[in-house]
Amino acid sequence: MTNLVKITMFFALMHIFAGSAMGSSITFSPDPSVKDQTVAFNKAVLKLKESDADTLSIPPGKYYFSGADGKENAALCVEGLKGKKIVGRDAVFLFGRADLGGICFRNNENLLVQGIRIDWDPLPFAQGIIRNVSKFSGTIDIEIMRELPTPDMGTFQRAPVLWATVHHADGRRYLDSHDVIHLSGFQQLDQKTIRLSLKNRGAVMREGMKTGNVLVVVARYPTAHAIRVFNSSSVTITDNEIMSSPGMGIIVGPRCKDVFVRNNRLAHSTPSASFISLNADGIHVIEPLGQLVIEGNTLDSLQDDAVIVSRRGEWAHYDAATKSFLFDSTSPTVIFSAGEKAEALAPNAGLVTLGAVRTSEKSAGGGVRIVAEKGLDVADRSRMPVFPVPSETARVSIRNNQIINIRGVGIRINFPNVSVEGNRVIDVIGISVRLGCSVNRQWEPQYPAVNTTVSSNVIRGFDVSSGRKPLPFGMIDVSCYPPEEGALYGKSSSGITIVNNIFEGGLGFMSKKINVISARDATVQ
């Protein structure tokens, strides 16, 4: 074979391999005759699913979605894609209903979502300068900032949760605004003036409640999230921007396998007068499988926790006559199946093992009924959290994220085998890093943190002015009390290693304090 023939065959093969690797693309074409692009987007996704193309390309522009379909409590629902990409190029998705989430991704495999910007119109929050405080009536009048639009009254009047936080004129939160101000009314006085009614009139006596300060008002819809992923595997969410959300930013449901959340920005892009972005958690992952990587993201000015990875049970009522549990939840996700092992963690009662589950069926009330093979020594417990025993444990890495100005917890871990490394957690009103389940009995059941390493993070407590009382929280908190100290779930966090972290100013005597509460086998350096 001559050298010329060899060279020709080489380049021919390279061309074939390059073509197969690059794949082909379908370009999203909006319908110019209508404002709502829901139908056009769904058609493009269906075309991608049914074709050999591997990419749906979203060209630059703003695309409005009214949420007319509302599948899975989201305006758009992408499902059944395998080996596909959805890639935006300066594409802004505007969602018009605060009671619905943005995009849900269901039953997908090997999916990439990249370069999409998500916002709401109308916005699910309002922000204004305090102009008048009435201690007698328990009302506050605010003038909406010029940089922000006049709020949509319906968005706020229909909200199941309505609250506010107090800020200095430059955006810094007042220390006493860690406890939110619950509102009972939202009334428009003129085009730019809003009157808010407080549920607790005593809140008007707070130090920050004075003219010239800023009030941020949140219309929170707990199930309306910007991006939701469930029943999927090998999903990468990268280089996206979430500018606002009525609920969480990115939520990944139970048992999603191999999820990578990288280089996303969760922060509003309106002028600097905007002091918040999301109305709830930033990145929230429940019961992951395989590998979970949360890396290089920026989470700025959230009204709740920034990053959460948790293993959660569900509350169940025990019926001694039938030796079965009836779950409170009506969630469509069944966390048990026939033959799967389960465990019940009863408050102050240690570990109770159910053994192999004999049946798992929907109950008449819409919940899930679990019947165990053997009797249970929990007849005196009418209500307890029940956890599945996972067939595998995910490897979790939370690294190199920027977490700034958060109202809740910076990073919260209720899951085993987690590495928290190289993050910057700055100005968090609450605990910067919390390992272990909550000790609040009103919250949902959660699991302790086990075999978790917190290393090489930069942590700065909330920067308060001189002489102001610091928050009563540690910068790193390891919780879940052992049974003899009043355990809520019968297990404690263990195998915790905290090393090489840098603590910067902020909370005075708390600035270099690590608050380790009853953690077994904890190493702190």
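Here, every reference points to the structure presented above.
Residues numbered from 1 in each chain as written. Predicted model: local features only at pLDDT ≥ 70, side-chain atom pairs only at ≥ 80, totals over all residues. Heavy atoms only, no water.

Student: How should the overall build of the chain be read in this particular structure?
Tutor: Per the secondary structure count, the chain includes 3 helices and 42 strands. Within the chain, contacts between residues separated by at least 24 positions form 73% of all contacts whose residues are at least 6 apart in sequence. For the chain, the accessible area works out to roughly 22,200 Å², and carbon and sulfur atoms hold 50% of it. (Helix = DSSP H or I, 4+ residues; strand = E, 2+ residues; numbered from the N terminus. Contact = heavy atoms within 4.5 Å. Areas by Shrake-Rupley, 256 points an atom, 1.4 Å probe, with all protein chains shown as cover.)

Student: Sorry if this is basic, but what is going on with the nonpolar core here?
Tutor: Ranked by internal contacts, the top residues of the largest apolar core, which has 72 residues, are Phe41, Leu56, Phe93 and Ile413. If near-sequence neighbours (up to four positions away) are discounted, Phe93 is found in contact with Phe41, Ile58, Tyr63, Phe65, Leu76, Ile103, Ile116, Arg117, Ile118 and Asp119. Grouped together as the second largest cluster of nonpolar side chains are 38 residues, Ile130, Met145, Leu162 and Phe275 included. (Core = buried A, V, L, I, M, F, W, Y, C linked by side-chain atoms within 4.5 Å. Buried < 20%, exposed > 50% of the residue type's maximum accessible area, 1.4 Å probe, protein only.)

Student: I'm lost on the environment of Ile476 in this one. Help?
Tutor: As for its position among the elements, Ile476 is in strand β38 (residues 476-478). Linking Ile476 and Leu435, residues 41 residues apart in sequence, is a C-alpha distance of 7.8 Å.

Student: Before we go on, may I ask you to explain the pairing of strand β14 (residues 227-230) in this structure?
Tutor: A regular strand places its side chains so that they alternate between the two faces of the sheet. Burial of the side chains of β14 extends over both faces: Ile227 and Val229 are buried on one face and Arg228 and Phe230 on the other. Bridging between strand β6 (residues 101-106) and β14 involves 4 bridges; their strand directions are parallel. Within the sheet, the bridge partner assigned to Cys104 lies in β14 and is Arg228. Where β14 meets strand β17 (residues 250-252), 3 bridges bridge the pair, whose relative direction is parallel. Residue Arg228 lies in a different strand from β17, and its bridge partner there is Ile251. (Pairing = 2+ DSSP bridges.)

Student: What exactly am I supposed to notice about the packing of aromatic side chains here?
Tutor: Two aromatic rings, taken as a pair, are described by how far apart their centres are and by the angle between their planes. Using the criterion set out here, one finds 10 aromatic pairs in the structure. When the ring of Phe93 is compared with that of Phe95, the centres are 6.5 Å apart and the planes differ by 70°; the resulting orientation is edge-to-face. Residue classification places Phe93 among the buried residues on the basis of a relative accessible area of 0%. Of the residues examined, Phe95 reaches a relative accessible area of 1% and is grouped as buried. The rings of Phe28, Phe41, Tyr63, Phe65, Phe93, Phe95 and Trp120 are connected pair by pair, giving a single aromatic cluster. Above the ring of Tyr64, the side-chain terminus of Lys35 is found at 4.3 Å from the ring centroid. Cation over ring: Arg407 sits above Trp163, and NZ or CZ is 5.2 Å from the ring centre. (Phe/Tyr/Trp six-rings, centres within 6.5 Å; stacked < 30°, edge-to-face > 60°. Lys NZ or Arg CZ within 6 Å of the ring centre and 35° of its normal.)

Student: Sorry, what's going on with the sheet that holds strand β12 (residues 193-198) here?
Tutor: Whenever strands of a sheet pair, they do so through backbone hydrogen bonds, lying parallel or antiparallel. The strand order around the closed barrel formed by 6 strands is β8-β9-β12-β11-β10-β13, and the pairing between neighbours is antiparallel. Going across the sheet, the axis of each strand differs from the next one's by a mean of 45°, ignoring polarity. Alignment of strand β10 (residues 161-167) against strand β13 (residues 214-220), held across 7 bridges, turns out to be antiparallel. Note on β13: the bridge partner recorded for Leu162 is Ala219. (Axes fitted to C-alpha atoms, helices over the stretch in contact; angles between N-to-C directions.)

Don't take any of this as a statement about function, it's just geometry.
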